[in-house]
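Read off the chains here:
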Amino acid sequence: MTPATAQPNDAENHGASGKSATRTLTAGAGEEVPRLVVGMSGSSAPQLGMTFLEVARELPSFETHLVLSEGARRSIELELRRDPLEVEKLADVVYDWRDMAAAISSGSFPTMGMVVIPCSMRTLAAVATGNSDNLVSRAADVTLKERRPLVLVTRETPLNYVHIKNMETVTLAGATVLPPVPAFYHYPETIEDLLRHISGKVLDQFGIKNSTFRRWTS
Ligand SMILES: Cc1cc2nc3c(=O)[nH]c(=O)nc-3n(C[C@H](O)[C@H](O)[C@H](O)COP(=O)(O)O)c2cc1C
């Protein structure tokens, strides 16, 4: 169980994936490092969120502020067969999903936007209806009200009418629905290649320069 307050992750604790234990973030003189809110909800493929956090650790230009829903914690245990703490250790700052007083639940806390990766149909519905009953949906709601970029990596198939209507609603409200649909123009050879491609597509939405996947050139 995570504590009820935000936990700046100790750099010593980073490296759960075997990557570098140190992380140096860069900002212009007198400027704060931009913060990207990362939500993970309880859909299949928590690997998508874990890979995104790993990729983010390779990029020094922004901080990750992570909140795992209760469902995400369950899917991490069941599908990744890992302790959610291992995923949390990849982020710069971690919040408890129950902590509605967290910094990211207020529009006065500056962020560059939010990605929910993966995004369950329940969290999609919560965002579409403004039903902010946990910190993932509250932070997404705040992101929309502040007119900041919100990217939802929705994971379900096939889709029913309710899912599609909710996708329409969040799109009209300003969010980007980015389903983790694999592409093959980058000649993936491994599952990691497919996961990194989706991470790169998300980073592109925030204008974050990355060479996470091989881009198409004719
Ligand atoms: C192993 C597992 C896989 C799941 N996969 C999906 C999925 O791919 N998409 C989805 O919308 N819900 C999926 N669910 C159901 C959600 O976890 C459930 O609706 C949950 O209440 C979502 O809550 P959250 O959005 O707050 O995390 C899955 C549940 C489990 C246990």
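Everything numeric in this text was worked out from a predicted model, so none of it was measured. (Residues numbered from 1 in each chain as written. Predicted model: local features only at pLDDT ≥ 70, side-chain atom pairs only at ≥ 80, totals over all residues.)

### Quick notes on the site of the ligand
Turning to step 1, where the next piece is worked out: Neighbouring the ligand are 18 residues, the closest being Gly42, Ser43, Ser69, Gly71 and Met121.
Turning to step 2, where the next piece is worked out: Elements supplying a minimum of two residues to the shell around the ligand: α2 (70–80) and α4 (121–129).
Turning to step 3, where the next piece is worked out: A per-element tally of the shell around the ligand places α2 first, with six residues.
Turning to step 4, where the next piece is worked out: Of the residues that constitute the shell around the ligand, the class distribution is three nonpolar, ten polar and five charged. (Near = placed C-beta within 6 Å. Helix = DSSP H or I, 4+ residues; strand = E, 2+ residues; numbered from the N terminus. Nonpolar A, V, L, I, M, F, W, Y, C, P; charged D, E, K, R; others polar.)

### Details of the pairing of strand β6 (residues 150–154)
Turning to step 1, where the next piece is worked out: Counting buried positions over the five residues of β6 gives five, a clear majority of the element.
Turning to step 2, where the next piece is worked out: Both faces of β6 are covered, namely the face carrying Leu150, Leu152 and Thr154 and the face carrying Val151 and Val153. (Buried ≥ 20, exposed ≤ 12 C-beta atoms within 10 Å, placed from the backbone.)

### Quick word on helix α6 (residues 161–172)
Turning to step 1, where the next piece is worked out: Taking 1.5 Å of rise per residue, the twelve residues of α6 would be expected to cover 16 Å, and the 16 Å separating its terminal C-alpha atoms lies within 8% of that figure.
Turning to step 2, where the next piece is worked out: Following α6 by one or two positions, Gly174 adopts a phi angle in the positive range, close to 115°. (Expected span 1.5 Å × (residues − 1).)

### Re the packing of α4 against α6
Turning to step 1, where the next piece is worked out: Direction vectors running N to C along α4 and α6 enclose 45°, while the axes themselves pass 9 Å from each other. Between α4 and α6, the interaxial angle falls into the category oblique. Considering how the two elements wind past one another, α4 and α6 form a crossing that is left-handed. In this structure, α4 uses Met121, Leu124, Ala125, Val127 and Ala128 to contact α6, whose residues at the interface are His163, Asn166, Met167, Thr169 and Val170.
Turning to step 2, where the next piece is worked out: Grouping the amino acids of the contact of α4 with α6 by side-chain chemistry returns seven nonpolar, three polar and no charged. (Axes fitted to C-alpha atoms, helices over the stretch in contact; angles between N-to-C directions. Parallel < 35°, antiparallel > 145°, perpendicular 65-115°, else oblique. Left-handed = near helix turned anticlockwise from the far one by under 90°. Contact = placed C-beta atoms within 7 Å.)

### Details of the confidence of the model for the protein
Turning to step 1, where the next piece is worked out: In this model, the protein carries an average pLDDT of 90, and 89% of its residues clear a pLDDT of 70 or more.
Turning to step 2, where the next piece is worked out: Long-range and interchain partners of residues 1–5, a stretch whose pLDDT sits below 50, account for eight contacts in this model, where long-range means more than four residues apart.
Turning to step 3, where the next piece is worked out: The low-confidence segment residues 10–21 (pLDDT under 50) makes 19 contacts with residues lying over four places distant or belonging to another chain. (pLDDT = per-residue confidence, 0-100.)

### Here we look at the packing of α4 against helix α5 (residues 135–145)
Geometrically, a packed helix pair is captured by the angle between its two axes and the distance between the axes.
Turning to step 1, where the next piece is worked out: It is at 9 Å that the axes of α4 and α5 come closest, and there the two elements cross at 40°. Comparing their axes, α5 and α4 come out oblique. Of the two possible hands of crossing, α4 and α5 adopt the one that is right-handed. Between α4, through Thr123, Ala126 and Val127, and α5, the contact on the second element is made entirely by Val136, Ser137, Ala140 and Asp141.
Turning to step 2, where the next piece is worked out: Among the residues making up the contact of α4 with α5, the classes are represented as four nonpolar, two polar and one charged.

### Some remarks on α5
Turning to step 1, where the next piece is worked out: Extensive coverage of α5 is indicated by the burial of nine of its eleven residues.
Turning to step 2, where the next piece is worked out: Buried within α5 we find Leu135, Val136, Ser137, Arg138, Ala139, Ala140, Asp141, Val142 and Thr143.
Turning to step 3, where the next piece is worked out: Tucked inside the fold, the buried residues of α5 contact β2 (35–40), β3 (63–68), β4 (93–95), β5 (114–119), α4 and β6.
Turning to step 4, where the next piece is worked out: Looking at the residues trailing α5, positive phi occurs at Arg147, about 60°.

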